[in-house]
Amino acid sequence: MNFLRGVMGGQSAGPQHTEAETIQKLCDRVASSTLLDDRRNAVRALKSLSKKYRLEVGIQAMEHLIHVLQTDRSDSEIIGYALDTLYNIISNEEEEEVEENSTRQSEDLGSQFTEIFIKQQENVTLLLSLLEEFDFHVRWPGVKLLTSLLKQLGPQVQQIILVSPMGVSRLMDLLADSREVIRNDGVLLLQALTRSNGAIQKIVAFENAFERLLDIISEEGNSDGGIVVEDCLILLQNLLKNNNSNQNFFKEGSYIQRMKPWFEVGDENSGWSAQKVTNLHLMLQLVRVLVSPTNPPGATSSCQKAMFQCGLLQQLCTILMATGVPADILTETINTVSEVIRGCQVNQDYFASVNAPSNPPRPAIVVLLMSMVNERQPFVLRCAVLYCFQCFLYKNQKGQGEIVSTLLPSTIDATGNSVSAGQLLCGGLFSTDSLSNWCAAVALAHALQENATQKEQLLRVQLATSIGNPPVSLLQQCTNILSQGSKIQTRVGLLMLLCTWLSNCPIAVTHFLHNSANVPFLTGQIAENLGEEEQLVQGLCALLLGISIYFNDNSLESYMKEKLKQLIEKRIGKENFIEKLGFISKHELYSRASQKPQPNFPSPEYMIFDHEFTKLVKELEGVITKAIYKSSEEDKKEEEVKKTLEQHDNIVTHYKNMIREQDLQLEELRQQVSTLKCQNEQLQTAVTQQVSQIQQHKDQYNLLKIQLGKDNQHQGSYSEGAQMNGIQPEEIGRLREEIEELKRTQELLQSQLTEKDSMIENLKSSQTSGTNEQSSAIVSARDSEQVAELKQELATLKSQLNSQSVEITKLQTEKQELLQKTEVFAKSVEVQGETETIIATKTTDVEGRLSALLQETKELKNEIKALSEERTAIKEQLDSSNSTIAILQTEKDKLELEITDSKKEQDDLLVLLADQDQKILSLKNKLKDLGHPVEEEDELESGDQEDEDDESEDPGKDLDHI
């Protein structure tokens, strides 16, 4: 407040005394008036004065206006006036046409008033609650006021909204407002809210912002829409740029597929308005945000694949090859396609198959390269084409091979009807335009990046320089142009190409050194004291010479490593050489090129370094420095150590392969052992089931025996009771004796009959279980088959163990040979302690692996022995069960024969019983005729005897009941 008073006092031209008094009176009315109409009129008057007398109204009325917002929420009209007044005080938009000093002063006023307003965080929370009001006169000025607060002091207001309950969610509701002016201003509010705040960006994204914004863009006509589409695209960029969480959410929500209609631009005659160009430019930038090289590789790769699958890449390539597209849109489309295909093999393969709609059709790559080497094309377009070509070859060995193959003699079109990519690159490499030279050299270097095969293939390329002269190699032609003293940009491009070509390729180094003029040229360039412009060329020459030393295989006697280092020491000096080498990384344009892969230069003269080349310099600068200072003895020792390590590495690799094979065999054996265990468990389960069935049969057999004994006792007691009946002393005694004899015979037959019937019933019940016994016999047969299979598998395991033992013996023998070789080598050459440690470590590793293999083999043998013992026990159990089943079958056959005999005896007994009954009746009749009375007990006995005979006639009933 003191600052504001100072500003007010320091103004040379302020309001008249009457206006200040008027503002004071209006503030008093707002503060003291009891009638709502009076307060409303006073706030309306303050609003009208707030634009012209911003400072005075802000100083005197802000506190009263905030109080109105708190107390008069029921009246939307006064709330609207208060919000408008606060907006006029805080906003700087009304001061755009005044002088610079006044504008700067108004900006200070806006930030100071904003600071006063947000000093009490409750004021921002109150404003957020007012935005929930649907009344237009409240919500719209509230949106504008909050947007102005965010523009003035964004981070502070963002933090207050972030900690406010449901603060962001309330603002997201603005996108669903049916009134377009509020919805559009809501988009602007969210732009200011999400700027540079990752936490708010995540909340807004998870409040379904992507869905709503894409719906608005679609409703407005995609790229043909107005400025609302532009605002929505800017908000989408705020949400996605440098926010990996939101990018992943955008991809997983299938929102990439909804971007495809944006690039359906229609026919070439539809026209390109300025707003459409702006919209498409922002849409292309949004695609690049998702596939930026600075994103995590996994996220970029998944977005690239999604863009290919939904047809977005195809749509972009259609724009790329279309006619009538504005130059800036075409340039940005090329850059976008570049990053969509960068490092993604599927997308790179598709791009290689794209053809331009020409007659005859030409590959898109060839058409783009024609623009790159054409000096009449715009500079930004040529840079974009170079970036596209670099991205096409990035981690794409297949594409690199296709480009290099167009330069080889066997693939060049002899008719000359079509031009290839390789021919265009060579044409640009040797043209008179230095920018074409640089671009072609860098493009060709990317065709060799991290690809030793193509570096060797490019050595075969021959160029016809003039009629009548023999062809020269591409490598020789590059060095020839380099020595002719062309422009710096051309020489830098050629030197970068040669350094990339010779690095990690000893054959190319040999070819380069074979030309006797190359080394003197490089040493002469490095040794001279030239101006600052030539220092970069001197540094690159030093790098090329250092590469020729570091990757030299000493195949040329006159240019061995030691001789080249001696030459440097005599002609240049080691310290001077290292100083010149350091000029590269100290150049002002080196750090700029190392930041981003895209070649983004303000003008052609800044086009000096390539991004990938800066990585190569960083990698080689240190090792070349060490190589220059190393002595010849150290080089020899290092080479010997390398050879020794390579030999031991080969031996260790051989043993690793053998151990890997044995690991696979052991794994197979483990699987077979687990299979045998499972089969063993199944067999044990089957045997247990069979034993339980046999025990059940035995229990049933014993139960039937007990029941038969009880029936015999019952029959015996019944006979004793029957013999106690008597008639008369003489004949009755004789008859009684005859009856007793008959009854004894009957008792004997009856007992036999009962026993046989019980046995018949037992057999009937056992017949039902006979099928079970047969099935168990079948199971036992299956078990015997499985036992046979187990025997075969055990034999296979034994054979595999024997073969493995042989291999282990071989490994031990080879280990002894390795130890002997190591001892011999240690005696003959004193290798450094580090090498001996490595050899001992590797040998110990091999011994450890061998001992582990022997231990595992021993464990497998023990497991197989245990399995064989279990198999023997199972076989014994099966044999005992089979013998038990055979005994039961024999008893069953005997019982069936006895049943047949008992049936015959039963029939005979029935006949005898019938005769005896007739005899007894006739004897009773005789007794009655003789006058001897027959007692009732005798009749009852005869009745009982008849009942007994009836029961004996059907003995199966009792057995069935049992």
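Below is a short write-up of the structure. Just so it is clear, the model here is predicted, and its values are computed rather than measured.

1. Here we look at the packing of aromatic side chains
Alright, step 1. Summed over all chains, the structure comprises 12 aromatic pairs.
Alright, step 2. Where phenylalanine 206 meets phenylalanine 249, the ring centres are 4.6 Å apart and the plane angle is 35 degrees; that geometry is what we call tilted. Placement of the pair is phenylalanine 206 in helix α12 (residues 198-206) and phenylalanine 249 in helix α15 (residues 244-252), with a sequence separation of 43 residues.
Alright, step 3. Using a relative accessible area of 24% as the deciding quantity, one classes phenylalanine 249 as partly exposed.
Alright, step 4. Of the aromatic side chains, those joined through ring pairs into one cluster are Phe206, Phe210, Phe249, Phe250 and Tyr255.
Alright, step 5. In this arrangement the basic side chain of lysine 144 is found over the ring face of tyrosine 87, its NZ or CZ atom lying 5.1 Å from the centre.

2. A word on the environment of glycine 221
Alright, step 1. Turning to its location among the elements, glycine 221 is positioned in the loop between α13 (209-219) and α14 (227-240).
Alright, step 2. Look at glycine 221 and you get partly exposed, because its relative accessible area is 30%.
Alright, step 3. Placed 41 residues apart in sequence, glycine 221 and tryptophan 262 show a C-alpha to C-alpha distance of 8.8 Å.

3. Examining the pattern of salt bridges
Alright, step 1. All chains considered together, the criterion is met by 22 salt bridges.
Alright, step 2. Among the ionic pairs, lysine 47 bridges to aspartate 84, the shortest N-O distance being 3.4 Å. With lysine 47 in helix α3 (residues 36-50) and aspartate 84 in helix α5 (residues 76-90), this residue pair connects regions lying 37 residues apart in the sequence.
Alright, step 3. Since its relative accessible area comes to 28%, lysine 47 is described here as partly exposed.
Alright, step 4. Its salt-bridge partner being arginine 73, residue glutamate 133 comes within 3.6 Å of it at the nearest N-O pair. Within this pair, whereas glutamate 133 is found in the loop between α7 (121-130) and α8 (136-152), its partner arginine 73 is found in the loop between α4 (54-71) and α5, the two being separated by 60 residues in sequence.
Alright, step 5. For glutamate 133, a relative accessible area of 32% translates into the label partly exposed.
Alright, step 6. Exposure remark for arginine 73: the relative accessible area of 34% places this residue in the partly exposed category.
Alright, step 7. Residues joined by salt bridges that share partners form a network here, namely Asp37, Arg40, Arg44, Asp75 and Glu77.

4. Regarding the environment of glycine 226
Alright, step 1. Here glycine 226 shows up in the loop between α13 and α14.
Alright, step 2. The exposure class of glycine 226 is partly exposed, given its relative accessible area of 32%.
Alright, step 3. In contact with glycine 226, other than residues within four places in its own chain, are Glu220, Gln275 and Asn279.

5. Quick notes on a negative patch on the surface
Alright, step 1. Taken together, the side chains of Asp901, Glu905, Asp907 and Asp908 make up a negatively charged region of the molecular surface.
Alright, step 2. Take aspartate 901: it is sitting in helix α39 (residues 833-929).
Alright, step 3. Under the relative-accessibility criterion, aspartate 901 is labelled partly exposed at 42%.

6. A short note on the environment of alanine 440
Alright, step 1. In this structure, alanine 440 sits in helix α25 (residues 434-447).
Alright, step 2. Between the alpha carbons of alanine 440 and glycine 422 there is a distance of 9.7 Å; along the sequence they are 18 residues apart.

7. Some thoughts on the packing of helix α31 (residues 532-550) against helix α36 (residues 611-629)
Alright, step 1. Running from N to C, α31 and α36 cross one another at 60 degrees; their axes reach a closest spacing of 9 Å. Between α31 and α36, the angle falls in the class oblique. Considering how the two elements wind past one another, α31 and α36 form a crossing that is left-handed. For the pair α31 and α36, contact is made by Leu540, Leu543, Gly546, Ile547, Ile549 and Tyr550 and by Phe613, Val617, Leu620, Val623, Ile624, Ala627 and Ile628, respectively.
Alright, step 2. Looking at the contact of α31 with α36 residue by residue, the class counts come to 12 nonpolar, 1 polar and no charged.

Cut-offs applied
- Residues numbered from 1 in each chain as written.
- Predicted model: local features only at pLDDT ≥ 70, side-chain atom pairs only at ≥ 80, totals over all residues.
- Heavy atoms only, no water.
- Phe/Tyr/Trp six-rings, centres within 6.5 Å; stacked < 30°, edge-to-face > 60°.
- Helix = DSSP H or I, 4+ residues; strand = E, 2+ residues; numbered from the N terminus.
- Buried < 20%, exposed > 50% of the residue type's maximum accessible area, 1.4 Å probe, protein only.
- Lys NZ or Arg CZ within 6 Å of the ring centre and 35° of its normal.
- Salt bridge = Lys/Arg side-chain N within 4 Å of Asp/Glu carboxyl O.
- Contact = heavy atoms within 4.5 Å.
- Patch = residues over 30% accessible without salt bridge, like charges linked within 9 Å, V, L, I, M, F, W, Y side chains within 5 Å.
- Areas by Shrake-Rupley, 256 points an atom, 1.4 Å probe, with all protein chains shown as cover.
- Lys, Arg positive; Asp, Glu negative; His and termini not counted.
- Charge placed at Lys NZ, Arg CZ, Asp CG, Glu CD.
- Axes fitted to C-alpha atoms, helices over the stretch in contact; angles between N-to-C directions.
- Parallel < 35°, antiparallel > 145°, perpendicular 65-115°, else oblique.
- Left-handed = near helix turned anticlockwise from the far one by under 90°.
- Nonpolar A, V, L, I, M, F, W, Y, C, P; charged D, E, K, R; others polar.

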